[in-house]
Amino acid sequence: MSERLVIGMLGCGTVGSGVLKLLMDKQALFAERAQVEIEVRKVLVRDPSRVREEWVPRELLTTDPDEIFEDPEIQIVVEVMGGVNPAKDYLMMALQSGKHVVTANKALLAQQGDDLFDAANESGAALHFEAAVAGGIPIISALKRGLVSNTLRSVYGIINGTTNYILSAMTEEGRGFEEVLAEAQAKGYAESDPTDDVEGFDAAYKLAILSSLIFNKRIDVKQIHRVGIQSVAAQDIAYAKQFGYTIKLLAIAKRTRNGLEARVNPTMIPADHPLASVNGVYNALLVQGDAVGDLMFYGRGAGQMPTASAIVSDILNIAVEIDSPPNLLMSCQHSENVAQLSAPDHVINRYYLRIQTEDKSGVLGHIGHLLGKEDISIHTLIQTKHRPGEAEIVLITHPVSEQKLRQAVAELRKLETTRRIDSIIRVEDFGQ
Ligand code: NAP
Ligand code: HSE
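These figures come from a predicted structure and were not determined experimentally. (Residues numbered from 1 in each chain as written. Chains lettered and ligands numbered in written order. Predicted model: local features only at pLDDT ≥ 70, side-chain atom pairs only at ≥ 80, totals over all residues. Heavy atoms only, no water.)

Caption draft 1: Spatial organisation of the overall build of the protein chain. Helices and strands together make up the secondary structure of the protein chain, namely 14 helices and 17 strands. The C-alpha atoms of the protein chain give a radius of gyration of 24 Å, which matches the 22 Å a tight globule of 432 residues would have. Dimensions of the protein chain, computed from the C-alpha atoms along their principal axes, are close to 85 × 45 × 35 Å. Out of the 432 residues in the protein chain, the part that is buried amounts to 55%. A separation of at least 24 residues holds for 74% of the contacts in the protein chain among residues at least 6 apart in sequence. Accessible surface for the protein chain amounts to roughly 19,000 Å². Of this, 48% is attributable to carbon and sulfur atoms. Computed over 43 positive and 56 negative side-chain charges, the separation of the two mean positions in the protein chain equals 6 Å. (Helix = DSSP H or I, 4+ residues; strand = E, 2+ residues; numbered from the N terminus. Rg over C-alpha atoms; globule rule 2.2 N^0.38 Å. Buried < 20%, exposed > 50% of the residue type's maximum accessible area, 1.4 Å probe, protein only. Contact = heavy atoms within 4.5 Å. Areas by Shrake-Rupley, 256 points an atom, 1.4 Å probe, with all protein chains shown as cover. Lys, Arg positive; Asp, Glu negative; His and termini not counted. Charge placed at Lys NZ, Arg CZ, Asp CG, Glu CD.)

The following block contains the structure:
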């Protein structure tokens with residue numbers, strides 16, 4: 001005999017309507033797997049008259065949040081409306097009154113998650129968020145449950161589909177950033193305001209969530225070093241290919257000798273690394289644990305049904321545990337423990353530099369001397385000529401701290417023969 005579980009939803013856009021579809025299509029399967037019959041009682045929207053997917057039952061739509069929060073039979077609130085406010089107020093209300101919460105809202109969790117987790121811990125309600133990172137890939141439950149026996153060393157992720165689509169198209173077709181972005185917007189792959197994706201905010205929010213699980217500490221998202229892809233030029237992609245690398249927007253959290261590191265930036269990775277072949281809107285994560293070694297996760301990081309898959313799994317996981325004490329593995333256990341992330345200055349990396357100089361004798365010698373003064377040794381260097389009187393010098397350094405690199409770049413800019421430093425991109429060799 002199945003139990004009945006009543007849920008209320010906040011939002012019925014791309015993801016919300018996917019959740020409704022999955023819950024309707026798979027009722028029988030869920031009754032069998034989780035012994036639960038799920039009833040969606042109400043769905044909060046802004047504008048009930050909007051045209052929606054044909055399967056959305058219009059009689060469920062409401063603009064009155066009280067119909068959800070004041071209904072004592074609603075046990076789970078599913079938040080798929082996005083934004084920080086009023087989503088946060090709604091979820092605080094739900095958690096404080098003991099309603100369980102499932103959310104896909106990485107922006108809210110990364111920026112204001114502490115208050116939500118504290119409220120959940122206090123009331124004993126569950127707060128699940130599988131869909132907030134990498135859409136359909138079950139990375140949160142893998143980190144929380146499947147890998148609980150490991151000390152996690154690092155995660156390297158391609159966790160923003162829009163930027164991966166843009167970089168993949170630039171790599172495959174040799175086109176420039178602006179042109180590919182415009183095409184991605186026209187095809188609906190990129191938002192009309194692409195700032196959050198292109199400038200790395202979306203990936204930083206997701207990395208804040210991931211790194212809190214990798215480091216077992218709370219993370220201040222403002223400490224995550226973030227660089228977007230807007231400055232990656234077609235020439236950088238072409239040189240990367242020539243050197244045997246591919247450029248990806250990587251989100252990286254790792255334990256290093258210098259402390260805990262978390263950053264999002266365009267990164268040159270070896271072209272034969274498995275992450276280099278993750279193209280288009282796909283996401284992938286490489287997780288390194290001390291017992292398990294390396295694990296790769298790959299799949300759709302966004303979209304209606306992949307994201308609905310994650311949300312409905314969270315709902316069913318809560319359903320099967322609803323009468324048990326709070327699940328310690330799935331709750332936040334480190335409220336007093338905030339990570340101190342390494343300042344970017346102390347992070348050690350190899351770097352790619354593309355410099356425009358006057359085409360004069362002695363220029364290379366000056367550059368080598370300046371880098372040498374900062375103890376930076378050059379791994380690879382090529383010089384080409386595109387315009388009369390101007391040379392393009394492209395080099396990759398051996399590992400160096402960001403602080404030393406920055407000092408050397410400041411000195412390079414001061415050289416009379418330097419016209420511009422067009423690009424500085426980190427190179428990642430995955431601890432090789
Ligand atoms: P969306 O298509 O814009 O849908 C948002 C829904 O929330 C709409 O139904 C909207 O109502 C409703 N809403 C927004 N503000 C509201 C308010 N103040 N009061 C009442 N209703 C409100 O967004 P989405 O793409 O489904 O994304 C939802 C969440 O999932 C976001 O947090 C997003 O980051 C996350 N997410 C999305 C994806 C994806 O592939 N789209 C993947 C992973 C995670 P109306 O319909 O009346 O406008
Ligand atoms: N804008 C996000 C992306 C959607 O491009 O990956 C899913 O979070």
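Caption draft 2: Fine view of a nonpolar patch on the surface. Taken together, the side chains of Leu364, Ile378 and Leu381 present a nonpolar region at the surface, about 190 Å² in accessible area. Position of Leu381 relative to the elements: it lies in strand β14 (residues 378–387). (Patch = residues over 30% accessible without salt bridge, like charges linked within 9 Å, V, L, I, M, F, W, Y side chains within 5 Å. Salt bridge = Lys/Arg side-chain N within 4 Å of Asp/Glu carboxyl O.)

Caption draft 3: Layout of the nonpolar core. Ranked by size, the top nonpolar core spans 87 residues in total, and within it Val77, Ile139, Leu143, Ile166, Ile224, Leu285 and Tyr352 carry the most contacts. It is helix α10 (residues 201–215) that contributes the most residues to this core, ten residues altogether. Residues contacting Leu143, with those up to four places away along its chain left out, are Val148, Leu152, Leu210, Leu213, Ile214 and Val287. Ranked by size, the runner-up nonpolar core spans 35 residues in total, among them Val40, Val43, Ala126 and Ala319. (Core = buried A, V, L, I, M, F, W, Y, C linked by side-chain atoms within 4.5 Å.)

Caption draft 4: Structural view of empty space enclosed by the protein. This model, assessed by the stated rule, comprises two cavities of 30 Å³ or more. For the largest cavity, the calculated volume is near 70 Å³. Every residue along the wall of the largest cavity is listed here: Gln223, His225, Glu261, Ala262, Arg263, Leu341, Ser342, Pro344, Val347, Glu402 and Arg426. Per-element tally for the lining of the largest cavity: the top contributor is strand β10 (residues 259–270), with three residues. By residue class, the composition of the lining of the largest cavity is four nonpolar, three polar and four charged. Its volume calculated, the second largest cavity comes out at about 40 Å³. Every residue lining the second largest cavity is listed: Leu127, His128, Phe129, Glu130, Ile140, Lys144, Asp314 and Met330. Only β6 (127–128) and α6 (139–146) provide two or more residues apiece to the lining of the second largest cavity. When the residues that make up the lining of the second largest cavity are grouped by side-chain class, the tally is four nonpolar, one polar and three charged. (1 Å grid on protein atoms, 1.4 Å probe; cavity = no way out; pocket = protein on both sides within 12 Å on 5 of 7 lines; lining within 4 Å. Points joined across faces, edges and corners; volume = space filled by probe spheres on them. Nonpolar A, V, L, I, M, F, W, Y, C, P; charged D, E, K, R; others polar.)

Caption draft 5: Structural context of the pairing of strand β12 (residues 293–300). Sheet topology note: the strand β11 (residues 282–289)/β12 ladder contains eight bridges and is antiparallel. Looking at the pairing, Leu286 lines up with Met296 of β12. The hairpin turn running from β11 into β12, its antiparallel successor, is three residues long. (Pairing = 2+ DSSP bridges.)

Caption draft 6: Local environment of the site of ligand 1. Inspection of the region around ligand 1 gives 22 residues, with Cys12, Asp47, Arg50, Arg52 and Gly303 positioned closest. Thr14 is positioned such that a nitrogen or oxygen atom in its backbone is 3.0 Å from an oxygen atom of ligand 1. In the model, an oxygen atom of ligand 1 is placed 2.7 Å from a nitrogen or oxygen of the Arg50 side chain. Relative to its unbound accessible surface of 900 Å², ligand 1 loses 79% to contact with the protein. Residues that form the shell around ligand 1 fall into these classes: ten nonpolar, seven polar and five charged. (Near = heavy atom within 4 Å. Polar contact = N/O pair within 3.5 Å; in protein donor to acceptor, adjacent residues only side chain to side chain.)

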